[in-house]
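In case you want the letters, here they are:
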Amino acid sequence: MTKVKICGIKDRVCALATAKAGADLIGLVFAPSKRQVTAAQAKEIVDAVRGCTNTPLVVGVFVNEKASEVNKIAEFCGLDWVQLSGDESWEYCHEIERPVIKAIRIGQHQNSAKILHELEFWTEQLSEKAHLFLLDSEAKDMYGGTGTTFDWRLVSTLTKKSPLIVAGGLSPDNVAEAIRVASPWGVDVSSGVEIDGVKDIAKIEAFITVVRSIDGIMSPLMGEGKGVSVEGREGK
């Protein structure tokens, strides 16, 4: 089953509705952004979703923050995973106490071989740490949230080798095609389920419904979970 991550959640009400809709992960952005939350807001959201029947894992999104600060916030809020969307090194990743989702940006002139080489490097360096990779569109002076897609065909063979989350410009209108082409472990959406910069519950529900629908069609062709589990809390 393709994992669904709804990123850029900002309040308790939206988080609860997203959990009810069936999201597997929700993302809280701590980096400077129009979707940024404070540690206090994040803790309120985490505490709220912990009581849900379907409890999504909570991912904190950081960009080039001090590792000590990331660990402090993750502990205070009770985050399950930490997503690093900046220029963090593999050495930095090992300083993070939670499991890590490392974002890798895909540029217009990259090819599958180059992306594979980068993934192999990161996989080797993080072999002793729980980790996932998120592939996002590259944009000048931006660390995610671009709202633009990349060529999913570039990673269609790579998803068979490694559990990857595809992000960048996804929406209820194109996520089925992204899954057909790339067969990722998971999909990540933020602006694609918003109206005028605000999360729209109907769009979130539609996004998840489309993912589950295409999963039902493609399930014989897709590996369940691709060998990676996100079960457990606080780094387990």
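Tell me about the pairing of strand β3 (residues 57-62), and name the residues and values.
One face of the sheet, then the other: side chains in a regular strand alternate in exactly this way. The element β3 is largely enclosed, with a buried count of six among its six residues. The two faces of β3 match: Leu-57, Val-59 and Val-61 on one face and Val-58, Gly-60 and Phe-62 on the other face are all buried. As judged from the five bridges shared by strand β2 (residues 25-29) and β3, these two strands associate in the parallel manner. Bridging from a neighbouring strand, Leu-28 pairs with Gly-60 of β3.

Mind laying out the packing of aromatic side chains, listing which residues take part and the relevant values?
All chains considered together, the criterion is met by two aromatic pairs. Measuring from ring centre to ring centre gives 4.8 Å for Phe-30 and Phe-62, while their planes differ by 5°; the resulting arrangement is stacked. Of the two residues, Phe-30 is situated in the loop between β2 and α2 (39-49) and Phe-62 in strand β3; the sequence distance between them amounts to 32 residues. Take Phe-62: its relative accessible area is 2%, and that puts it in the buried class. Ring plane angle 85° and centroid distance 6.2 Å describe the contact between Phe-121 and Trp-122, whose orientation is recorded as edge-to-face. In this structure Trp-122 comes out as buried when scored by relative accessible area, which is 10%.

So what's going on with the sheet that holds strand β1 (residues 3-7)? Residues and values would help.
Ordered in space as β1-β2-β3-β4-β5-β6-β7-β8, the eight strands form a closed barrel in which the pairing is parallel. Pairs of neighbouring strands in the sheet enclose a mean axial angle of 25°, with direction left out of account. Of the pairings in the sheet, the one linking β1 to β2 comprises three bridges and is parallel in character. Pairing of Ile-6 across the sheet is with Ile-26, part of β2. Strands β2 and β3 of the sheet are contacted by α2, whose axis makes an angle of about 165° with β2.

Break down the environment of Lys-5 for me, citing the residues and quoting the values.
Within the secondary structure, Lys-5 sits in strand β1. Looking at Lys-5, the relative accessible area reads 1%, which means it is buried. With sequence-adjacent residues up to four places away left out, Lys-5 is seen in contact with Leu-25, Gly-27, Val-59, Val-61, Gln-83, Leu-134, Val-187, Asp-188 and Val-189.

Could you give me a rundown of helix α3 (residues 67-77), with the residues and numbers involved?
By the burial criterion, the buried members of α3 are Ala-67, Val-70, Asn-71, Ile-73, Ala-74 and Cys-77. Along the axis of α3, the buried residues cluster in a sector spanning 165°; they form a single face. Seen from the buried face of α3, the exposed residues on the opposite side, beyond 90 degrees, are Ser-68, Lys-72 and Glu-75. Buried positions along α3 lie against α2, β3, β4 (81-84) and α4 (90-95). One or two positions beyond α3, positive phi appears at Gly-78, with a value near 80°.

Lay out the pattern of salt bridges in plain terms, naming residues and giving numbers.
By the definition in use, this model includes twelve salt bridges. Between Glu-194 and Arg-35 there is a salt bridge, with its nearest N and O atoms 2.8 Å apart. Of the two residues, Glu-194 is situated in strand β9 (residues 194-195) and Arg-35 in the loop between β2 and α2; the sequence distance between them amounts to 159 residues. The burial state of Glu-194 is the same as that of Arg-35; both residues are buried.

Cut-offs and rules
- Residues numbered from 1 in each chain as written.
- Predicted model: local features only at pLDDT ≥ 70, side-chain atom pairs only at ≥ 80, totals over all residues.
- Heavy atoms only, no water.
- Buried < 20%, exposed > 50% of the residue type's maximum accessible area, 1.4 Å probe, protein only.
- Helix = DSSP H or I, 4+ residues; strand = E, 2+ residues; numbered from the N terminus.
- Pairing = 2+ DSSP bridges.
- Phe/Tyr/Trp six-rings, centres within 6.5 Å; stacked < 30°, edge-to-face > 60°.
- Axes fitted to C-alpha atoms, helices over the stretch in contact; angles between N-to-C directions.
- Contact = heavy atoms within 4.5 Å.
- Arc of directions from axis to C-beta.
- Salt bridge = Lys/Arg side-chain N within 4 Å of Asp/Glu carboxyl O.

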